[in-house]
Amino acid sequence: MIVEKFSQNVINSGIFRLYIATGFFATLIFFVVNAELFTPLEMVFGIVGVTVVLKGVSNMMLSLIILLFNLDNKRTELDFKYNSEKIDAMLAELSIKDAASAGEKKE
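What comes next is a walk through the structure. (Residues numbered from 1 in each chain as written. Predicted model: local features only at pLDDT ≥ 70, side-chain atom pairs only at ≥ 80, totals over all residues. Heavy atoms only, no water.)

## Quick look at the overall build of the chain
Moving on, step 1. A tally of helices and strands in the chain yields four helices and zero strands.
Moving on, step 2. The secondary structure elements of the chain, listed N-terminal to C-terminal, are α-α-α-α.
Moving on, step 3. Scaling as 2.2 N^0.38, a compact globule of 107 residues should have a C-alpha radius of gyration of about 13 Å, whereas the chain reaches 29 Å, well beyond that.
Moving on, step 4. Looking at the chain as a whole, 14% of its 107 residues qualify as buried.
Moving on, step 5. Relative to all contacts within the chain whose residues are 6 or more apart in sequence, the contacts with residues 24 or more apart total 66%.
Moving on, step 6. Accessible area of the chain: about 8700 Å², with a carbon and sulfur share of 69%. (Helix = DSSP H or I, 4+ residues; strand = E, 2+ residues; numbered from the N terminus. Rg over C-alpha atoms; globule rule 2.2 N^0.38 Å. Buried < 20%, exposed > 50% of the residue type's maximum accessible area, 1.4 Å probe, protein only. Contact = heavy atoms within 4.5 Å. Areas by Shrake-Rupley, 256 points an atom, 1.4 Å probe, with all protein chains shown as cover.)

And the structure:
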């Protein structure tokens, strides 16, 4: 769950789309500047090929980020939250019992 939320945040940030778009436009500019060396079909295949390769590289980068994501800090944070909620519930129950016993003593 934590890794899924983290990876979804990374994907939604748009950093990989920006990376792919930058590579696409850089390749497009390269082929436009060197237009006398390449045929239009070579340009199209080159642009599409580089874009596909960059998409693959961005997916590998996302996989490495997820692989190297350290869950120890999140685990301790979740344990702390769970324990603090449990303690809060116990304190609420104790205060209810104290209020009930104080009400019985007055009678």
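## Overview of the side chain of Ser58
Moving on, step 1. Looking at where Ser58 falls in the secondary structure, it is placed in helix α3 (residues 40-67).
Moving on, step 2. Residue contacts for Ser58: discarding those within four places in its chain leaves Phe16, Tyr19 and Ile20.

## Focus: the packing of aromatic side chains
Moving on, step 1. Tallied over the full model, the rule gives four aromatic pairs.
Moving on, step 2. Ring plane angle 55° and centroid distance 6.0 Å describe the contact between Phe30 and Phe38, whose orientation is recorded as tilted.
Moving on, step 3. Residues Phe31 and Phe38 carry aromatic rings whose centres are separated by 5.0 Å and whose planes lie at 80° to one another, so their mutual orientation is edge-to-face.
Moving on, step 4. Residue classification places Phe38 among the partly exposed residues on the basis of a relative accessible area of 27%.
Moving on, step 5. Three or more aromatic residues link up through ring pairs in this structure, and these residues are Phe30, Phe31 and Phe38. (Phe/Tyr/Trp six-rings, centres within 6.5 Å; stacked < 30°, edge-to-face > 60°.)

## Quick word on the pattern of salt bridges
If the charged atoms of two oppositely charged side chains come close together, the side chains can form a pair.
Moving on, step 1. Evaluation of the coordinates by the stated rule reveals one salt bridge.
Moving on, step 2. Of the charged contacts, one joins Lys97 and Glu93 as a salt bridge, the two residues approaching to 3.5 Å between their closest N and O atoms. Highlighted residues: Lys97 and Glu93, both in helix α4 (residues 72-106), separated by four residues, approximately one helical turn.
Moving on, step 3. According to the relative accessible area criterion, Glu93 is partly exposed, its value standing at 48%. (Salt bridge = Lys/Arg side-chain N within 4 Å of Asp/Glu carboxyl O.)

## A few points about a nonpolar patch on the surface
Moving on, step 1. Together, Phe25, Leu28 and Val32 make up an exposed nonpolar region whose accessible area comes to about 280 Å².
Moving on, step 2. Tracing the backbone shows Leu28 in helix α2 (residues 15-33). (Patch = residues over 30% accessible without salt bridge, like charges linked within 9 Å, V, L, I, M, F, W, Y side chains within 5 Å.)

## Some details on α3
Moving on, step 1. With 28 residues, α3 extends 40 Å between its outermost C-alpha atoms, agreeing within 8% with the 40 Å of an ideal straight helix rising 1.5 Å per residue.
Moving on, step 2. Every buried residue belonging to α3 is among Met43, Gly46, Ile47, Leu54, Ser58 and Leu62, and all of these are buried. (Expected span 1.5 Å × (residues − 1).)

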